[in-house]
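Close look at the chain arrangement
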Amino acid sequence: MAKRTVEKKIDIGGVDQTILLGFGDQLLKKISAEFNANVVARGTQIILKGAPEEVAKLERIFTELLMLYHRNQQVHESDVDTIMAVVLGNKNHKQKVAEEPNQFDAILFTKDTAVKPRTVGQAKYFETVKNNDLTFVIGPAGTGKTYLAVAMAVAHLRDRQVSRIVLARPAVEAGESLGYLPGDLLEKVDPYLRPLYDALGDMLPPEKLQRYLETRVIEVVPLAYMRGRTLNNAFVILDEAQNTTPSQMKMFLTRLGLHSKAIVTGDITQIDLPPGSESGLVQATRILYDIPGIAFVYLDEADVVRHRLVREIIRAYTLYEHSSKSSDLDEHETE
């Protein structure tokens, strides 16, 4: 009895196929090599033909890639590796991913895609925020600390769990020395707050975002301007918290009011404070670790969801810093 085969066509009209499928269909060939099914790109379609279970997996892979393309306008080989590891259940893949692509709940649906955790660490981050009023998330660049925090804030606002969002960052490193910069306050702080605006722009239509900013339903402010406020019924995010002083961190944390939730994000390997100054984020990990309702999440290079090289860069710097410290200790001992 002949084995049953099915055919599925995926529309890729309007997509830059060189980005989606790779130069010379390199990414398409990479995917095809993992399956017995026939995978071809013809015109504005990808045609899949083979056993039903293989075609179903291929469809999931290309659906995820299309969502990624529409969100970022780019697809990297590392993205293909990650998505295939998810669909094929490859637990030995160097990036920590779920066994099934739908294991992780979507945080927020935008016009183009669903924002959801892409690694086990990010999924733990999401769950921790749901279960705690104050969450510290610490990890290197590219692990989605800020992006997922903003997505969770927008989802809370959308579902009317909070009435406003407040996003803060220390400006001009930790000192917030804005006076010597040209322009008015908005022009001075804009470069330091821009990543937060960019994340909001990915998740809200321009007209709605503009209305929220004008009516202060969403505020993006330098940390120094939060002093003296009480934030009730708000979702509050402190980004780049490694560059806060202990007094600034205490000031921020004591702004939290009734029915509010807060996320503090930071990368303790990139502290820009003056030499000899203690980071408020590092201090907080020692002081607040055992208080109910406060949780700490630690992400690492395995949770990086940017270009493959970002993981390798982080790993290389970590090894270099560890070896440098070891060398310093050896020199000290021989003196």
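Thresholds applied
Every chain is numbered on its own, with residues counted from 1 as its sequence reads. In keeping with the model being predicted, local features are shown solely for residues with a pLDDT of at least 70 and side-chain atom pairs are shown and tallied solely at 80 or more, while totals for entire chains, interfaces and linings include all residues. Side-chain descriptors were evaluated using all non-hydrogen atoms of the structure, hydrogens and water having been removed beforehand. The way it works is that DSSP assigns letters per residue, a run of H or I at least four long becomes a helix, a run of E at least two long becomes a strand, and they are numbered from the N terminus. For this analysis, residues touch if any pair of their heavy atoms sits within 4.5 Å. Working definition: rings of Phe, Tyr and Trp (its six-membered ring) pair if their centres are within 6.5 Å, and the pair is stacked with planes under 30 degrees apart, edge-to-face with planes over 60 apart, and tilted otherwise. When a residue's accessible area, from a 1.4 Å probe over protein chains only, is under 20% of the maximum for its type it is buried; when over 50% it is exposed; and in between it is partly exposed. We count a charge as sitting over a ring when the NZ of a lysine or the CZ of an arginine lies within 6 Å of the ring centre and within 35 degrees of the ring normal. One requirement defines pairing of two strands: DSSP has to find at least two bridges between them. To get an axis, a line is fitted to the C-alpha atoms, and for a helix only the part in contact is used. The angle between two axes follows their N-to-C directions and goes from 0 to 180 degrees. Here the term patch refers to residues with relative accessible area over 30% and no salt bridge, with like charges joined within 9 Å and nonpolar side chains (Val, Leu, Ile, Met, Phe, Trp, Tyr) within 5 Å. Here, Shrake-Rupley sampling with a 1.4 Å probe gives the accessible areas, and only protein chains in the shown set may cover a residue. The term salt bridge refers to a side-chain nitrogen of Lys or Arg lying within 4 Å of a carboxyl oxygen of Asp or Glu. On a range of 0 to 100, pLDDT expresses the predictor's confidence in each residue.

Brief notes about the environment of Ala 295
Of note, Ala 295 is situated in strand β11 (residues 294-298). For Ala 295, the residues in contact, after removing those within four places along its chain, are Thr 128, Asn 132, Leu 134, Thr 135 and Phe 136.

Comments concerning the packing of aromatic side chains
The description of two aromatic rings rests on the distance between their centres and on the angle between their planes. Overall, the coordinates contain one aromatic pair when judged by the stated rule. Relative to Phe 296, the ring of Phe 136 lies with its centre 4.7 Å away and its plane at 10°, an arrangement referred to as stacked. Taken together, the residues span a long stretch of sequence, with Phe 136 in strand β6 (residues 134-138) and Phe 296 in strand β11 at a distance of 160 residues. Residue classification places Phe 296 among the buried residues on the basis of a relative accessible area of 16%. When the ring centre of Tyr 212 is taken as reference, the NZ or CZ atom of Arg 211 above it lies at 5.8 Å.

What to know about the sheet that holds strand β2 (residues 38-42)
The strand order β1-β3-β2 describes an open sheet built from three strands, whose pairing is antiparallel. Each end of this open sheet is capped by a strand with a single partner; those strands are β1 (6-11) and β2. The average angle at which neighbouring strand axes cross in this sheet is 15°, direction not considered.

Overview of the pairing of strand β3 (residues 45-50)
Note that β1 and β3 share six bridges and pair antiparallel. Each bridged residue has a counterpart across the sheet, and for Lys 9 the counterpart in β3 is Ile 47. Across five bridges, β2 lies against β3 in antiparallel orientation. Among the inter-strand pairings, Val 39 is bridged to a residue of β3, identified as Leu 48.

Examining a nonpolar patch on the surface
Together, Leu 309, Ile 313 and Tyr 317 make up an exposed nonpolar region whose accessible area comes to about 310 Å². Relative to the helices and strands, Ile 313 resides in helix α11 (residues 308-334). Exposure remark for Ile 313: the relative accessible area of 46% places this residue in the partly exposed category.

Digging into the confidence of the model for the protein
Looking at the protein, the pLDDT average stands at 81 and 81% of residues meet or exceed 70. With pLDDT under 50 throughout, residues 91-102 is counted as low confidence; its partners more than four residues away or in other chains account for 38 contacts.

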